[in-house]
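Per-entry structural report
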Amino acid sequence: IMANGNSVTTAKGSVFAITEYARTLAARGLHARAVVAYEQAIKAIAGDDRVLAPVLLALAKAQLAIDDQAAALASLGRARRLTPAGSGTRVEIDEALIDAHRRVGRLPEYAAELAAAKVRTPYDNELLARLYDELGDATQALGSLRRALAQNRGRIETRERVIALLVRQGELDAAMNLAPTD
């Protein structure tokens, strides 16, 4: 791999080589150059959504590192649309989205955006509950957790979050009714 100013060239234009070069730049703290390399990789990847989302995530992290939150939010939004809910990549994308929205002071708007989605998976409802909880809206958080629990009754972690939230609100009887009785 050879760096010529801001452009990256490889022997055969290997996307793998370009993304590895970008990762190396980011690891060395050269985030602005990493952004350029990731953007070149994305152009080369166009059409292969399986590979595109993780590269968009890496691009967004580099964009956040150079305080380009608007570009990072756009990259993360695109990556989120390409990634199935609950996948490991989607979890990383959602964490980065929360961080980016938190940095620009737009966490309430992001919660509203997620709440407006026509279809929400249990994972989406749990994510929304986390945001509501962080924003101090225990009622909305509890509602989202209950929706997640209704969608997937067997998920112990969700039940534990509902119980913990009920206990924090002083609703001990409701929490005891949800607690397992083995």
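Bear in mind the structure is a predicted one, so any value in this text is a computation, not a measurement. Within any chain, residue numbers begin from 1 and follow the written order of that chain's sequence. At least 70 in pLDDT is required for a residue's local features to be given in this predicted model, at least 80 for side-chain atom pairs to be given and counted, and no such filter applies to totals for whole chains, interfaces and linings, which use all residues. Hydrogen atoms and water are omitted, and side-chain values are computed over all heavy atoms in the structure.

**A closer look at helix 9 (residues 156-168)**
Under the DSSP-based scheme used, a helix requires at least four consecutive residues in state H or I and a strand at least two consecutive residues in state E, with every element numbered from the N terminus. Each residue after the first adds 1.5 Å to the expected span of a helix. Here helix 9 spans 18 Å end to end across 13 residues, near enough to the 18 Å set by a 1.5 Å rise per residue. Note on exposure labels: buried denotes an accessible area under 20% of the residue type's maximum, exposed denotes more than 50%, and partly exposed covers the range between, all computed with a 1.4 Å probe on protein chains only. When helix 9 is considered as a whole, its buried residues turn out to be Thr 158, Arg 159, Val 162, Ile 163, Leu 165 and Leu 166. Taken around the axis of helix 9, the buried residues stretch over an arc of 165 degrees, which confines them to a single face. Trailing helix 9 by a residue or two, Gly 170 shows a phi angle of about 85 degrees, which is positive. What the arc describes is the spread of directions from the helix axis to the C-beta atoms.

**As for the nonpolar core**
Joining through side-chain atoms within 4.5 Å is the link that ties buried Ala, Val, Leu, Ile, Met, Phe, Trp, Tyr and Cys residues into a set, and such a set is a nonpolar core. Among the nonpolar cores identified, the biggest contains 49 residues, and Tyr 38, Leu 76, Leu 131 and Val 162 are the most heavily contacted of them. At ten residues, the largest contribution of residues to this core is made by helix 3 (residues 49-65). Among all residues touching Tyr 38, those that are not within four sequence positions of it are Thr 19, Ala 22, Arg 23, Val 55, Ala 58, Leu 59 and Ala 62. Contacts were defined at the residue level, with two residues in contact if any of their heavy atoms lie within 4.5 Å.

**Concerning helix 8 (residues 138-151)**
Counted at 1.5 Å a residue, the expected span for helix 8 with its 14 residues is 20 Å, and the 20 Å between its end C-alpha atoms agrees. The complete set of buried residues in helix 8 reads Ala 141, Leu 142, Ser 144, Leu 145, Ala 148 and Leu 149. Buried residues of helix 8, seen end-on, are gathered within an arc of 165 degrees and therefore sit on one face of the element. Of the exposed residues in helix 8, the ones pointing more than 90 degrees away from its buried face are Thr 139 and Ala 150.

**Details of the environment of Ala 72**
Examined against the element boundaries, Ala 72 turns out to sit in helix 4 (residues 69-82). Its relative accessible area of 0% is what places Ala 72 among the buried residues. When the C-alpha positions of Ala 72 and Leu 57 are compared, they lie 8.6 Å apart, and in sequence the two are 15 residues distant. Once you skip the residues sitting within four places of it in the chain, Ala 72 turns out to touch Ala 60, Gln 63 and Leu 64.

**Some remarks on the confidence of the model for the chain**
Predicted confidence across the chain gives a mean pLDDT of 87, with 91% of residues reaching 70 or more. In this model, residues 1-11 is a region of pLDDT below 50 whose contacts with residues beyond four sequence positions or in other chains number 21 contacts. Known as pLDDT, the predictor's per-residue confidence is scaled from 0 to 100.

**Some words on the side chain of Thr 83**
Looking at where Thr 83 falls in the secondary structure, it is placed in the loop between helix 4 and helix 5 (88-103). A residue is classified by how much of its surface remains accessible, and Thr 83, at 8% relative accessible area, is buried.

**Regarding the pattern of salt bridges**
A carboxyl oxygen of Asp or Glu within 4 Å of a side-chain nitrogen of Lys or Arg is what we treat as a salt bridge. Under the defined criterion, the tally for this structure stands at 13 salt bridges. Note that Glu 92 and Lys 61 form a salt bridge whose closest N and O atoms lie 3.6 Å from each other. Placement of the pair is Glu 92 in helix 5 and Lys 61 in helix 3, with a sequence separation of 31 residues. Residue class for Glu 92 comes out partly exposed when judged on its relative accessible area of 41%. Lys 61 gets classed as partly exposed once you look at its relative accessible area, which sits at 44%. Here Asp 99 makes a salt bridge to Arg 103, at a shortest N to O gap of 3.4 Å. Taken together, the residues Asp 99 and Arg 103, both in helix 5 and four residues apart, mark about one turn of the helix.

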